[in-house]
Amino acid sequence: MIFAVELVLPAGAGGAPRGLREHRAYWDGLAGEGVLIAGGPWQDGSGELLLCRAPDRAAVLRLLEQDPYLRFRTVTRYTVRAWQPAGDLSAPPAPAVPSTSAAPPVARRAGRPAAAAGALTPHEERVAAMAVAGMTNRAIAAALSVSTRAVELQMTRIYRKLAIRRRAQLALALNGRVNTGGLPEQIA
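Please read all numbers here as calculations on a predicted model, not as lab measurements. (Residues numbered from 1 in each chain as written. Predicted model: local features only at pLDDT ≥ 70, side-chain atom pairs only at ≥ 80, totals over all residues. Heavy atoms only, no water.)

**Concerning the side chain of T74**
So, step 1. Take T74: it is sitting in the loop between helix 3 (68-71) and strand 4 (77-83).
So, step 2. The exposure class assigned to T74 is buried, which follows from its relative accessible area of 8%.
So, step 3. In this structure the side chain of T74 is engaged in a polar contact, spanning 2.6 Å, whose partner is the backbone oxygen of R18.
So, step 4. Look past the residues within four positions of T74 in its chain and what remains in contact with it is L9, P10, P17, R18 and Y69. (Helix = DSSP H or I, 4+ residues; strand = E, 2+ residues; numbered from the N terminus. Buried < 20%, exposed > 50% of the residue type's maximum accessible area, 1.4 Å probe, protein only. Polar contact = N/O pair within 3.5 Å; in protein donor to acceptor, adjacent residues only side chain to side chain. Contact = heavy atoms within 4.5 Å.)

Here's what the structure looks like:
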């Protein structure tokens, strides 16, 4: 789905808004991942409009929680609305979402029960994709709005299912099932 996000800045603030550089870097990163389709400030400086790809409104709200403008309380108000474009946006497609259904079997360690080496859940796939993409446990926790400890526990379960012992083995163990350049499906 596509969502229109309007950020409203305080009237008459003058100068660059607080957190502008961080805000732009954050959304530039999301643009590179195919989440931000287009965006920019209103000509009168009263705010800006962002067009985002996300599976639902809750995913967009999670993205906004990480936006420096909201963290610094630079915006006075924001709105998030689902948008149905009338034509082709000529934007790149959303990043591919890993799928466990067509995934090749994962090598099992001898003595490990088959259930422990079974397919990863969709949430485990998201966490694994973020880890393979180079995100730290802390960054994954922030992106998913959970504790770092929750991510650590999830990574432990992933390692057990894939019969590996460390992060460096993760990409190989997933055997091409994770799109390392994309976002997890909940925020794609």
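**Brief notes about the packing of aromatic side chains**
So, step 1. The tally for this structure, following the rule as stated, stands at 1 aromatic pair.
So, step 2. Taken together, a centroid distance of 5.3 Å and an interplanar angle of 85 degrees make the contact between Y26 and W27 edge-to-face.
So, step 3. Take W27: its relative accessible area is 3%, and that puts it in the buried class.
So, step 4. Here the basic side chain of R71 rests over the ring of F72, its NZ or CZ set 5.8 Å away from the ring centre. (Phe/Tyr/Trp six-rings, centres within 6.5 Å; stacked < 30°, edge-to-face > 60°. Lys NZ or Arg CZ within 6 Å of the ring centre and 35° of its normal.)

**Details of the nonpolar core**
Soluble globular proteins tend to pack their nonpolar side chains together in the buried interior.
So, step 1. Counting 20 residues, the largest nonpolar core has V5, L7, W27, L50, V60, L64 and Y69 as its most contacted members.
So, step 2. Contributing elements (two or more residues each) for this core: strand 1 (2-8), helix 1 (20-32), strand 3 (47-53), helix 2 (57-66) and helix 3.
So, step 3. Beyond its immediate sequence surroundings of up to four residues, W27 is in contact with L36, L50, C52, L63, L64 and D67.
So, step 4. Grouped together as the second largest cluster of nonpolar side chains are 18 residues, V127, A143, Y159 and A173 included. (Core = buried A, V, L, I, M, F, W, Y, C linked by side-chain atoms within 4.5 Å.)

**Digging into the sheet that holds strand 2 (residues 36-41)**
So, step 1. Taken in spatial order, the 4 strands of this open sheet run 2-3-1-4, and their pairing is antiparallel. The open sheet terminates on both sides in strands that have one partner only, identified here as strand 2 and strand 4. Geometrically, the sheet is characterised by an average inter-axis angle of 10 degrees between neighbouring strands, direction not taken into account.
So, step 2. Of the strands in this sheet, strand 1 and strand 4 touch helix 2, which is tilted by about 145 degrees from strand 4. (Pairing = 2+ DSSP bridges. Axes fitted to C-alpha atoms, helices over the stretch in contact; angles between N-to-C directions.)

**With respect to helix 4 (residues 122-132)**
So, step 1. Of all the 11 residues making up helix 4, 8 are buried; the element is thus mostly covered by neighbouring parts of the structure.
So, step 2. Regarding helix 4, the residues found buried are E124, E125, R126, V127, A128, A129, M130 and A131.
So, step 3. Structurally, helix 4 contributes buried residues whose contacts are with helix 5 (137-144), helix 6 (148-162) and helix 7 (170-174).
So, step 4. Note on helix 4: the residue one or two positions beyond its end, G134, has a positive phi of about 100 degrees.

**Some words on the environment of P41**
So, step 1. Along the polypeptide, P41 turns up in strand 2.
So, step 2. By relative accessible area, P41 is classed as exposed at 58%.
So, step 3. It is 10.0 Å that separates the C-alpha atoms of P41 and L9, two residues lying 32 residues apart in sequence.
So, step 4. For P41, the residues in contact, after removing those within four places along its chain, are G47 and E48.

**A word on unusual backbone geometry**
So, step 1. Unusually for a residue other than glycine, R73 sits at a positive phi of about 55 degrees.
So, step 2. You can see R73 is positioned in the loop between helix 3 and strand 4.
So, step 3. On the basis of relative accessible area, R73 is assigned to the exposed category, the value being 72%.
So, step 4. One non-glycine residue with positive phi stands out, namely S145, at about 55 degrees.
So, step 5. Topologically, S145 is positioned in the loop between helix 5 and helix 6.
So, step 6. Look at S145 and you get partly exposed, because its relative accessible area is 38%.

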